[in-house]
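Survey of secondary and tertiary structure
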Amino acid sequence: MAENLSISGPVEIQSDSKQRVAYDLMGKIAYHDKAAQKDKKYWLSLYCQCLKATTGSDIEFILKEE
């Protein structure tokens, strides 16, 4: 027997991958970081740090300049 399936209202699909979590974390940090000059290097460095944070890395390793 076939069932009728319907959706009423908006649907939001969100991934919980490490990359998506890092991206969301980057956005939250950047929002509160009012003093930073946000150029390409800023965004890429921040994303790399956030990605390291999703793997449980130590803070010293995360904040290390590369």
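Values in this document were obtained by computation on a predicted structure and should not be read as measured data.

**With respect to helix 2 (residues 40–54)**
Look at helix 2: 21 Å from first C-alpha to last across 15 residues, which is about the 21 Å you get at 1.5 Å a residue. Looking only at helix 2, the buried set comprises Tyr42, Leu46, Cys50 and Lys52. Across the axial projection of helix 2, the buried residues extend over an arc of 155°, all falling on one side. Among the exposed residues of helix 2, those pointing more than 90 degrees away from its buried face are Lys40, Lys41 and Leu44. Note on helix 2: the residue one or two positions beyond its end, Gly56, has a positive phi of about 85°.

About the cut-offs
- Residues numbered from 1 in each chain as written.
- Predicted model: local features only at pLDDT ≥ 70, side-chain atom pairs only at ≥ 80, totals over all residues.
- Heavy atoms only, no water.
- Helix = DSSP H or I, 4+ residues; strand = E, 2+ residues; numbered from the N terminus.
- Expected span 1.5 Å × (residues − 1).
- Buried < 20%, exposed > 50% of the residue type's maximum accessible area, 1.4 Å probe, protein only.
- Arc of directions from axis to C-beta.

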